[in-house]
Amino acid sequence: MTPGQFITKWRHVELKERTASQSHFNDLCRLLGVDDPITADPKGEWFTFEKGASITGGGEGWADVWRHECFAWEYKGKRKDLDAAYNQLLKYKDSLQNPPLLIVSDMDRILVRTNWTNTVQEIHAIRLDDLNDAHTRDLLRNCFVNPDALRPQKTRAMLTQEAADKFIAIAQRLRQRGHDPQAVAHFVIRLVFCMFAEDVGLLPDHMFTRVVKSAHGKPATFAKKVAALFAAMRTGGDYGADTVEWFNGGLFDSDDVLPLEWNDVEDLIRTSALDWSDIDPSIFGTLFERGLDPDKRSQLGAHYTDRDKIMMIVNPVVVEPLRAEWAGVKSRIEGLFGTMSTATARAGAIALKDTFRERLRAFRILDPACGSGNFLYLALNALKNIEKQVNLDAEAMGIGKVTDASLTGPENLLGIELNPYAAELARVSVWIGDIQWSRRNGFEPARNPILRKLDTIECRDAILAPDGTRAGWPKADVVVGNPPFLGNKKMIRELGEDYTVALRKAYADVPGGVDLVAYWFARAWGQMQAGALARAGLVATNSIRGGANREVLKPIVQGGRIFEAWGDENWTVDGAAVRVSLVCFKKGKGSAALLDGSEVSQVSSDLTRAGDGVEFANASLLPDNKGVSFQGPVLVGDFDVDYTIAVTWLLAPSNPNGKKNNEVLRPLRNGKDLTTRPRESWVINFGDMSEGEAALFELPFKHVVLHVQSRRLRANDVQRRTNWWRLGRSGAAFFAAIGDKSRFIATSQVAKHRMFVWLDPAIQPHQTVIAIARDDDTTFGILHSRFHELWSLRMGTSLEDRPRYTPSTTFETFPFPEGLTPNIPAAAYANDPRAVAIAAAAARLNDLRENWLNPPDLVKREPEVVPGYPDRILPVNEAAAKVLKTRTLTNLYNLRPTWLDHAHAALDRAVADAYGWGAEWDAGMSGDDILARLFRLNQQRAAKAPPP
């Protein structure tokens, strides 16, 4: 059939839909050169007319045409309402396997709507005469043979980012004109919602865009017109010739409007061209919060956590348990029909179904750190999808039609958020998400009001009440969320000393050294113990697995159960990538759990598999290792200076006390200095001197007055305010421990590879360095062995993808070979053959590395300007300097040349012999075997240790 023949035939047909639709579709197939349904699929398995489908909300229906993984097609008679046809498809689509295209036609027009998840919907409108165009026919043919050709390129995330960018520019200009940031945020959020409301048909005939365009060239008129619109939306009423429905819900609580200027109105006009109906609430709040909150401007353009990550919490805590409950109810319903009369069974089945739907209506989801609402939105979306599935299943089982569209909605959600910008955005994200769900499933949004009150999203502190007690949480079925990540050492600086002290006092059962996020775990567990919570799923930095933080998980494991966890995952916090743990837990024991996606019998408090008697969470600190490893002194201020300044001070005349500045100056090495090339940075350290004693070192003290004093006098920590001229922690214990040592061992606290180096005792390790007060090659070799590397990886946490080493969990728990432990002076085992073998292999490894890092023909060694410091290592010329920039330990271990492998293999063999495991090592010990043996040694040593 030619285009002309098709157009001529169907231009004059006035038959009703039922009479003409199949004939029209068959002719269209002939026009496009594709087989009609009966020819292509005589059994009607994948391409058919009248495809039966259950309707969301109740009832049975038939899609006029269905083609598997291509489209569902609904016909109406000529000049009939095609929007009604589309709404029918929305209610069928889930039973039709959610096809990528939803097509409606009245035989004069064909409307093709895309239906891919998380893309901006596109509509292709084709009129009868358009079929003369080959491109149009190709588009229609692709609906049959290549629907992916119609997949929209713009994702919902891209649309949301574009929309946010434009409104953020308006918000920033309003703040620059002196308007209050909170008033700006509230006003802009209302403008945003108006854009959305008109694109989903809740404001008639693109009313808001008409208002904005009417202010083009005369922005002074904008405020009056929009104030009148806000007033109408607050209560419902007339606006000009149009009637506006009742919105309010708290968003339109007044008709206050901020004045706009010409460029603001221009931006609004451009923004109105976007399809706001498809913005993505899972990121909407995050993007707008960054633009509306002045404190978060630095995060503009940064990444955000995607919905798949959030669903790793929502699925196990909300979705899977409720689906399992419904599966149990379905099984009981099916059982009724096998044991009772039909009428009795039907009545019982309907009661069971209705009871479960009421369960969903009453189900409450709390996010006690809800931010701008992404967890809440996705949790509500999941809950409504469960309810929809219940309706479909109930209809399929023949137990009556569901007359109401949805029992679940924003009232199912509870939230607590301290930031008022985020709290308001959370409410708007939920409202938008609820309206979008209704539209995408063929239902009308709520009315009278359109925006149901969301006072259940509270703006307050979630863990500490104003009176200093634990903050109350509302009773909920489940808790989900992403509490704030703030390390223990930053809490006083960020939250204030009074708040931090009060928080620790209120949670006396929580160890004092935990990160802020740990208090949410403790609070959730308290709710479970009180019977006010069934399940929880929280995100934490992966440090929750170790140290003091792990203590909040121990009671959960002892009295309840971690039923699903991910120990080390990528996450995005405040626009930055971090490594996190996802922990889902409940009260009471149960069957197998999931860890990192695999089934295990039990998850330990360090988020590893429990069983076989190897519970690494129970590894003990060993007295043999105590007082040997230290974090480098903490500066807390600009105590570091460059080499030029340090040399000036070192060469300066004696101070009034008759002493030289070298008594308070040391070369400084941070973690990066160890893994790359060391900088020539020095540090001022007055130790425990009084202010008067420190002032006698004139030049260093003057530097501290100029660069440190003002900051430290504002510090929240009393000691750091009082002793402002001293380092945050002087490292006195470390310096005492290395007092008689010729060198000490150091490693970067956070590094891709676990590498140890030797440092001169005149060097001060930075707080990013872990220093071990031993100077013997045997200890160096044991620490650099595969045995200690595996242990440190297993017992430590990580920052992003770099493992973290700590004095406590990774060093003090490690069981050294018997007789070679750190509490024994090196001289006492100097003649032990095991120690000799390890020392020789360790020295060889170190020599080879040093020769690679600093080849004699590329470097020269110069004495420091005054005695008492290690020689400086300098390139012999510029060409050598370029080569040396690439000679770093990180690069060396990335390359892992054969000679380095051989050196480590010799060291590992010597250490295996020291443990008495040489034969097993030669046979090929697995990492799990090594860790299990080390854990048993740890437990044996701990059992023998005298009580503290």
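Quick notes on the rules
Residues numbered from 1 in each chain as written. Predicted model: local features only at pLDDT ≥ 70, side-chain atom pairs only at ≥ 80, totals over all residues. Heavy atoms only, no water. 1 Å grid on protein atoms, 1.4 Å probe; cavity = no way out; pocket = protein on both sides within 12 Å on 5 of 7 lines; lining within 4 Å. Points joined across faces, edges and corners; volume = space filled by probe spheres on them. Nonpolar A, V, L, I, M, F, W, Y, C, P; charged D, E, K, R; others polar. Helix = DSSP H or I, 4+ residues; strand = E, 2+ residues; numbered from the N terminus. Buried < 20%, exposed > 50% of the residue type's maximum accessible area, 1.4 Å probe, protein only. Pairing = 2+ DSSP bridges. Salt bridge = Lys/Arg side-chain N within 4 Å of Asp/Glu carboxyl O. Core = buried A, V, L, I, M, F, W, Y, C linked by side-chain atoms within 4.5 Å. Arc of directions from axis to C-beta. Polar contact = N/O pair within 3.5 Å; in protein donor to acceptor, adjacent residues only side chain to side chain. Phe/Tyr/Trp six-rings, centres within 6.5 Å; stacked < 30°, edge-to-face > 60°.

Visitor: Just checking my understanding: could you explain empty space enclosed by the protein for this structure?
Guide: Leftover empty space is mapped by rolling, across the atoms, a probe with the size of a water molecule. Evaluation of the coordinates by the stated rule reveals three cavities of 30 Å³ or more. As a volume, the largest cavity reaches approximately 50 Å³. Around the largest cavity, the lining residues are P410, W431, D434, I435, S438, P445, A446, I450, L451 and R452. When the residues that make up the lining of the largest cavity are grouped by side-chain class, the tally is seven nonpolar, one polar and two charged. The space that makes up the second largest cavity amounts to roughly 40 Å³. Forming the boundary of the second largest cavity are F6, H24, M107, D108, R109, I110, I126, R127, L128 and L131. Listing elements by their share of the lining of the second largest cavity, those giving two or more residues are β5 (109-114) and β6 (123-127). When grouped by side-chain class, the residues that make up the lining of the second largest cavity number six nonpolar, one polar and three charged.

Visitor: What's the story with the pairing of strand β29 (residues 872-875) in this structure? I'm lost.
Guide: Within a regular strand, the side chains alternate between the two sheet faces. What you see with β29 is a clean split: R872 and L874 sit on the buried side and I873 and P875 on the side with no burial. Taken together, the four bridges between strand β28 (residues 859-862) and β29 define a ladder with antiparallel strand orientation. Note that in β29 the partner of K860 across the bridge is L874.

Visitor: What should I look at first to understand the pattern of salt bridges in this one?
Guide: Two side chains of opposite charge can pair, provided their charged atoms sit close to one another. Per the counting criterion, the structure on display carries 53 salt bridges. Measuring nitrogen to oxygen at the nearest pair gives 3.2 Å for the salt bridge that ties E387 to R357. Placement of the pair is E387 in helix α14 (residues 374-396) and R357 in helix α13 (residues 342-362), with a sequence separation of 30 residues. Classification of E387 as buried rests on a relative accessible area of 2%. When the shortest N-O distance is used, the salt bridge between D740 and K741 registers 3.2 Å. You can call D740 exposed: its relative accessible area is 65%. Each of R173, R177, E261, D264, E266, D267 and R270 takes part in a single network of salt bridges with overlapping partners.

Visitor: Sorry, what's going on with the nonpolar core here?
Guide: One recurring pattern in soluble globular proteins is that nonpolar side chains are buried together. In this structure, F193 and F247 are the most contacted members of the largest nonpolar core, which totals 157 residues. With 13 residues, helix α12 (residues 307-339) is the single largest residue contributor to this core.

Visitor: Mind showing me how you'd approach helix α4 (residues 82-92) here?
Guide: The periodicity of an α-helix, 3.6 residues per turn, causes residues three or four places apart in sequence to face the same way. Listed in full, the buried residues belonging to α4 are L82, A85, Y86, L89, L90 and Y92. All buried residues of α4 fall inside an arc of 165° around its axis, so they share one side. Where α4 begins, the capping side chain belongs to D81, and its oxygen is found 2.9 Å from the backbone nitrogen of D83.

Visitor: Is there a simple way to explain the packing of aromatic side chains in this structure?
Guide: What characterises a pair of aromatic rings is the spacing of the ring centres plus the angle enclosed by the ring planes. On inspection of all chains with the given rule, the structure shows 40 aromatic pairs. With centroids separated by 5.3 Å and ring planes inclined at 35°, the aromatic side chains of W326 and F356 adopt a geometry described as tilted. Within this pair, whereas W326 is found in helix α12, its partner F356 is found in helix α13, the two being separated by 30 residues in sequence. Exposure class is identical for W326 and F356. Each is buried.

Visitor: I keep staring at the layout of surface pockets and nothing clicks. Help me out?
Guide: Size it by volume and the second largest pocket reaches roughly 1,400 Å³. As for the second largest pocket, its lining consists of 49 residues, and the residues nearest its centre are L90, Q436, R439, R440 and N441. Looking at the lining of the second largest pocket, the elements with two or more residues in it are α4, β5, α12, α14 and α15 (420-440). With seven residues, the single largest contributor to the lining of the second largest pocket is α14. Broken down by class, the residue content of the lining of the second largest pocket amounts to 14 nonpolar, 19 polar and 16 charged.

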